[in-house]
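# An overview of the molecular structure
These are the residues of each chain, in order.
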Amino acid sequence: QLESSLIAPAGCPKWLSITRGELFPFGPSARDQLLEAGNDLTRRLQLDKPVLFYDGTFDSIFINTNGFVATAEPTGESTYLGNMPPKFGMIAALQGDLDTSDGVGKVFFRQDSSPDVLFRAAQYINGAFPEDDEVNPTNAVVITWVDVATHEPPSRGDGIDKKRNTFQLVIASLETASYAIVLYARDGMQFSSTPIQGRSAVMHTGFSKGLVQGFLFSSPGPYYRTSTDDEASIRALAEETNSGHRGIWVYEIGTSPYFTNATPQAPTERDDEETDARRTGAQIEVHQIQYQPLHPDNPEVLVVDDTDINVDVFSYKLGTCANNRNKCSQFADCKDHSSGYCCNCRPGFYGNGIQCVAEGKPQRMNGKVYGKVYVGDSASPVEFTSNDLHSYVVVNDGRSYVAISDIPNTIGPSLLPLSALGGVIGWAFALEQPGFRNGFSIIGGEFTRQAEVTFLPGNEKLTIRQEFKGIDEHDHLVVSTTLEGQVPEVPLGSTVKIGPYSEVYQYSNNLITSSSTRVYEVSLPDGSTATRTYQWRQTITFQSCQHGESLRDMKPTQMLSVDQVFVLYNPNNALIRFAMSNKIGDINGQPEENPCFTGRHGCDTNAVCRPGEGNQFTCECAAGFNGDGRTCYDIDECRENPQICGSHAICNNQPGTFRCECEDGYQFGNDGQTCVEVYRPVDACEEGTHNCDIPERAQCSYTGGSAYICSCLPGFIGDGRVCQDIDECQPGRCHQDAVCYNTQGSFTCQCRPGYNGDGFSCFPERTKTRCQNHRDSIQGATVSGPRGPRPPLGQFVPTCDENGGYKPTQCHGSTGYCWCVDRNGQEIHGTRIGPGSGPMCIEHGGVSPPVGPTTRPDVNPLPQGTHLLFAQSGRIDHIPLEGYDMKKDGAKAVLHLPEKVIIGVAYDCVEKMVYWTEITSPSISKASIQGGEPTAVIRSDLDSPEGIAIDHLGRTMFWTDSVRDHIEVASLDGSQRRVIIDSDLVNPRAIITDPPNGNLYWADWNRDAPKIETSYMDGSNRRVLVKDDLGLPNGLTYDSQSSLLCWADAGTHKMECTHPGQGDRRMVMEGLQYPFGITSFGKNIYYTDWRRDAVVAVDRHSGKESDEFQPQKRTKIYGIATAYAQCPSGQNYCAVNNGGCIHLCLATPNGRSCKCPSNAVAVGCVERDSGY
């Protein structure tokens, strides 16, 4: 797209990129609405006044997290991320896989018709389209993506140091048009690509119409992409512009009633003498274009961003039209000659027969510029790496325009004398004098041009090589340009003036040459001027048809006359522009007065000027257009004749013509015109025609074509066609106190008599508690009755809690009296109450129950049993466990904590409390899972608390702080704080306790040296357990039954385990995507995965994934913990009477340490060695 140097809106210096403060007002103060936090979320906005997009009118739009606005409900992000263009209409402000679930990023939006906003929008639009009538929008929609991050784990793993982008889209509309104003702040663009399916994909900006409904089929509509697949094009959005002010881009995106494609205003350099005076004309015959997609596997691809397309240059060979007709242009006829065949353009078209274009139709050229050029005496060159080159020619007056982008100011002024960089397109489509032909008429659009430039008097030399690769599917000429050499320096701020010049072209067989001396005048910044020259020699090589008469009639010499040369370099836009008028004619320069030959005819730009007698002429609309020649309108051939493309084909209207595409499942046959069905292989696995074993023993996997693979399921062995059961009962499969039983395809473990457990973990049956012995002794003393044995009538039977202790409230089953008891089951005097009501008994070791309701609307008490607790942004959820299986239908939120980013989760099995860390306003908090108020435990002296662990025996909590790089301990009420590890930590996160053994474990995911360490709970005896073959060890868990320490690594994508005291290490599972938190229960390990937004269950014995749970709220899942129905068995020295310590009691394997908190002086604490 051609860019123009335009006027900046008032108050904004156009040489500076905008900042966030210069965006349109946004946020709560602007009364914006807020899109829900998360990834790939959409909000429908009903509009007060419609938006025009392409040729459609829309009363509502859809705003999406991923940096775009849609005109229809967008499909899931997997359908368009990395697979553009989408099937729905899209305005992509900066589209990628974005995320706001961390509570930092936000998406604001509103409708606005305030005078300030509309006036500012009008300034931008009118500045960008200075030659159009003034526009005054009547309403606007303002959408702002603020501090949005990529939907991926960032450098610190949880989003603390994420790179973030801020950008804004304003859709301004009036009754007949809509405009998109996109603003990119220079202090708000920190990344240019997002991860998609394991790879990095450059973000997209542009406008896609989506699928267009044809007469029979839908086909992809136009897609105007404003960036490329180069990350530099995204970074440039904040530094460049098409509106005259860096960082601000303006596009006309829809008009009524007609519209073709979204585009910025292209520069127009028409002469003042051109008027609206038109002449009458006639219509020229229209011919169709058959179009075969460049990507048969992806027929939706319409735009080719890389214009370096490998188009084989055509050469004629011996043959006949019968077998070579499809090598001619669709607008040409094939003619046989005695020595071969030739292609000749039909009337109304011109070219070499291989490529033909409509007479009078404007032509465009797109390409890239490469190479290295030294400026003056500079020791280092300026490199050109795929700079965009665009050109536009008004053929019926010979005026050509060229723009090259991303030209740094170190070389921009020095290239101004080289107007002939794009002059070749002026020669190709020059205005023809009677009897003479321009370049395209003779050689078409496939040729090579090489020019040697020698600057005088310094003798600097520059080589320009251009490969013209023909006309692409968009009817644009494609060129690749390479510059190599040296140019004399022209200082920044200088201007260059080039007078009219002429150049003689000499034509021979497949070779054209020319040479000339160019004179130019440089006006220097100090006001002085200097006249300079350079010598120019060029050769053009091409392939032509040697069998016909066309080249025999070609004149051996022609003269190209160039005048009205305009050159400009804009350092603000880093854009160089050339414009000139081109005529091809007699070397004697005989003037022609007819307006068709002077270009001053006033015909429509899509019309042909036909000369008459003297100065008389007529205007005829070009092929594919209707009108009187003064005004021409495009003919929609697809609408006028829906069957024009034939069966199984889709017709797409184009300016001046149309294209046929085969519908999905079909492709063009050998004739290039008829759509034939694509061979579709049969999936034998899906059809059930394979010869694999039965599904209970084998799996069929389709591999493409008609091929498939049979493989036996886990637990079976064979070739997949015949599978036999494996006896899995090998030593070590089950716990040492369990028996293994083989089954078909699997096995089971069962603890031996006298042991409890699941067979993978077995432990001796527990000794009965005092309450259980009391209860069982009464229930065992039965008497006989008519209904069998039962306890004696009137006997009191105590009730025990899930841990075997006396419940605080006891009731007599026969009398109905209830009373409170202490821990030993002794009645508390004065608490006995008669039938009909119950006493208010205090939980043993707890606090008095609250008066009134015990839960808030945002707190949901958990039912009895073991659960998984996990954190998402703004909430903590739970999944009940049935055995080791997740009861997914019972999952729900336990706590709603809006605008909080919760990282770590831990559970106190004694008081039934969940503890968590959060980083938005750094704190550690707790709440009862049985229903209670969330309470902040620690609020001060925290920067980034992440991992958290509980010693339920010693009544302490431990946490990591990844900014302060230390590990700290405190009592469960937040008092008695003490730092126990404060050295050699970089990124500590996961931390867990082994209370019965007095050990502490933590992981440091320092990317340079990740490690897993351990120490006693007082911080002593610190040592590294694992340091090799680690990447990002995010999560840790310790299973007390098996004494296994297990971790999940987001860098190696593995789950591994070790026995800390033995130094062994084994892999449980590989292929994890991005694990974060991890916990264990029995034979299962449960982990959270950021990429899958899921909680995943893994059987650690088989190393297989057994289940997955995806919450309804699809955002990153952070920490996870097991909420046990009863505390694990075991004791330590701090479990009774705080270990005899006055302040902190911290367990060790063989005793305990009494430690002072950090504020020892304030609490009068003196520390002594006090281990047993």
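Here the structure is a predicted model, which is why all the values come from computation and not from measurement.

The next point concerns the overall build of the protein. Regarding its fold elements, the protein presents 10 helices and 80 strands. For the protein, the proportion of its 1172 residues judged to be buried stands at 53%. The contacts of the protein with a sequence gap of at least 6 include a subset with a gap of at least 24, amounting to 54%. Here the protein displays about 51500 Å² of accessible surface, and carbon together with sulfur accounts for 48% of that area.

Tallying each qualifying case throughout the model produces 21 disulfides. The residue that forms a disulfide with cysteine 638 is cysteine 651, at a sulfur-sulfur distance of 1.9 Å. Here the disulfide of cysteine 638 and cysteine 651 is left-handed, its torsion about the S-S bond being about -70°. In this pair, cysteine 638 is assigned in helix H7 (residues 637–640) and cysteine 651 in strand S40 (residues 649–654), connecting sequence segments 13 residues apart. For the residue pair cysteine 638 and cysteine 651, the accessibility class agrees, reading buried in each case.

You can see threonine 533 is positioned in strand S33 (residues 529–541). In this structure the C-alpha to C-alpha distance between threonine 533 and threonine 454, which are 79 residues apart in sequence, comes to 8.8 Å. Filtering out sequence-adjacent residues up to four positions away, threonine 533 remains in contact with Phe455, Leu456, Thr517, Arg518, Val519 and Tyr520.

Below, the discussion takes up unusual backbone geometry. Along the chain, methionine 84 connects to proline 85 via a cis peptide bond; the corresponding omega equals 0°. Structurally, the position occupied by proline 85 is in the loop between strand S4 (68–70) and strand S5 (90–95). Going from leucine 456 to proline 457, the amide bond is cis rather than trans, its omega being 10°. Inspection of the secondary structure puts proline 457 in the loop between strand S27 (446–456) and strand S28 (461–471). In the Ramachandran plot, glutamine 564 falls in the positive-phi region, its phi being about 50° despite a non-glycine side chain. Tracing the backbone through its elements, the reader meets glutamine 564 in strand S34 (residues 557–570). What makes glutamine 564 partly exposed here is its relative accessible area of 30%.

What follows deals with the sheet that holds strand S77 (residues 1104–1109). Overall, antiparallel pairing links the 4 strands, which are arranged S74-S75-S76-S77 in an open sheet. With one partner strand each, in any of the chains shown, strand S74 (1075–1081) and S77 form the two edges of the open sheet. Between one strand axis and the next, the sheet turns through 25° on average, direction left out of account. Direction of pairing for strand S75 (residues 1084–1089) relative to strand S76 (residues 1094–1099): antiparallel, over a ladder of 6 bridges. Bridge assignment links tyrosine 1087 to a residue of S76, and that residue is valine 1096.

Attention now moves to helix H1 (residues 115–128). Look at H1: 20 Å from first C-alpha to last across 14 residues, which is about the 20 Å you get at 1.5 Å a residue. Among all positions of H1, only Val117, Leu118, Arg120, Ala121, Ala122, Tyr124, Ile125, Gly127 and Ala128 are buried. Those residues of H1 hidden inside the fold are in contact with strand S7 (106–112), strand S8 (139–150), strand S9 (165–173), strand S10 (177–184) and strand S17 (248–255).

On to the packing of aromatic side chains, then. A ring pair, where both rings are aromatic, is described by two values, the distance of the centres and the angle of the planes. Inspection of the entire model under this criterion finds 30 aromatic pairs. Their ring planes at 80° and their centres at 6.5 Å tell us that tyrosine 350 and phenylalanine 429 sit as a pair that is edge-to-face. Residue tyrosine 350 is located in strand S21 (residues 349–351), and its partner phenylalanine 429 is located in the loop between helix H4 (423–428) and strand S26 (431–432); the two are separated by 79 residues in the primary sequence. This pair shows no difference in class: tyrosine 350 is buried, exactly as phenylalanine 429 is. Ring centres of tryptophan 1090 and tyrosine 1118 lie 5.4 Å apart, and the angle between their planes is 75°; this geometry places the pair in the edge-to-face category. Pair noted here: tryptophan 1090 is in the loop between S75 and S76 and tyrosine 1118 is in strand S78 (residues 1117–1123), with a separation of 28 residues, a long-range link. Here tyrosine 1118 falls in the buried class, since its relative accessible area comes to 1%. Connected via pairs of aromatic rings, a cluster forms that spans Trp427, Phe447, Phe468 and Tyr505.

What follows covers the environment of alanine 201. Its location among the elements puts alanine 201 in strand S12 (residues 199–202). For the pair alanine 201 and aspartate 97, spaced 104 residues apart in the sequence, the C-alpha separation amounts to 9.2 Å. Setting aside residues up to four positions removed in sequence, alanine 201 forms contacts with Ser193, Thr194 and Ile196.

This part takes up the pattern of salt bridges. For the structure shown, the criterion picks out 36 salt bridges. Of the charged contacts, one joins aspartate 99 and lysine 1116 as a salt bridge, the two residues approaching to 2.8 Å between their closest N and O atoms. Here lysine 1116 lies in the loop between S77 and S78 and aspartate 99 lies in strand S6 (residues 98–99), a separation of 1017 residues in the sequence. Overall, the relative accessible area of 2% leaves lysine 1116 in the buried class. Ionic pairing is found between aspartate 1099 and lysine 1083, a salt bridge with its closest N-O pair at 3.3 Å. In this pair, aspartate 1099 sits in strand S76 while lysine 1083 sits in the loop between S74 and S75, placing the two residues 16 residues apart along the sequence. Take aspartate 1099: its relative accessible area is 13%, and that puts it in the buried class. Owing to a relative accessible area of 18%, lysine 1083 belongs among the buried residues under this scheme. The network of salt bridges with shared partners includes Asp984, Lys1011, Glu1013 and Arg1022.

A few words now on the confidence of the model for the protein. The predicted model of the protein averages 82 in pLDDT, with 87% of residues at 70 or higher. Confidence drops under a pLDDT of 50 for residues 846–860, and excluding neighbours within four residues, the segment shows 25 contacts in the predicted structure.

In this section: the pairing of strand S72 (residues 1054–1058). Of all 5 residues that make up S72, 4 are buried, and the element is covered over most of its length. As paired elements, strand S71 (residues 1044–1049) and S72 share 5 bridges and run antiparallel to each other. Looking at S72, one finds that aspartate 1049 is bridged to lysine 1054. Counting the residues that bridge the hairpin from S71 to S72 gives 4 residues, and of these histidine 1053 lies at a positive phi of roughly 60°. The pairing of S72 with strand S73 (residues 1066–1070) spans 4 bridges and is classified as antiparallel. Residue pairing across strands places glutamate 1056 opposite methionine 1067, the latter belonging to S73.

The rules behind each value
Residues numbered from 1 in each chain as written. Predicted model: local features only at pLDDT ≥ 70, side-chain atom pairs only at ≥ 80, totals over all residues. Heavy atoms only, no water. Helix = DSSP H or I, 4+ residues; strand = E, 2+ residues; numbered from the N terminus. Buried < 20%, exposed > 50% of the residue type's maximum accessible area, 1.4 Å probe, protein only. Contact = heavy atoms within 4.5 Å. Areas by Shrake-Rupley, 256 points an atom, 1.4 Å probe, with all protein chains shown as cover. Disulfide = S-S within 2.5 Å. Pairing = 2+ DSSP bridges. Axes fitted to C-alpha atoms, helices over the stretch in contact; angles between N-to-C directions. Expected span 1.5 Å × (residues − 1). Phe/Tyr/Trp six-rings, centres within 6.5 Å; stacked < 30°, edge-to-face > 60°. Salt bridge = Lys/Arg side-chain N within 4 Å of Asp/Glu carboxyl O. pLDDT = per-residue confidence, 0-100.

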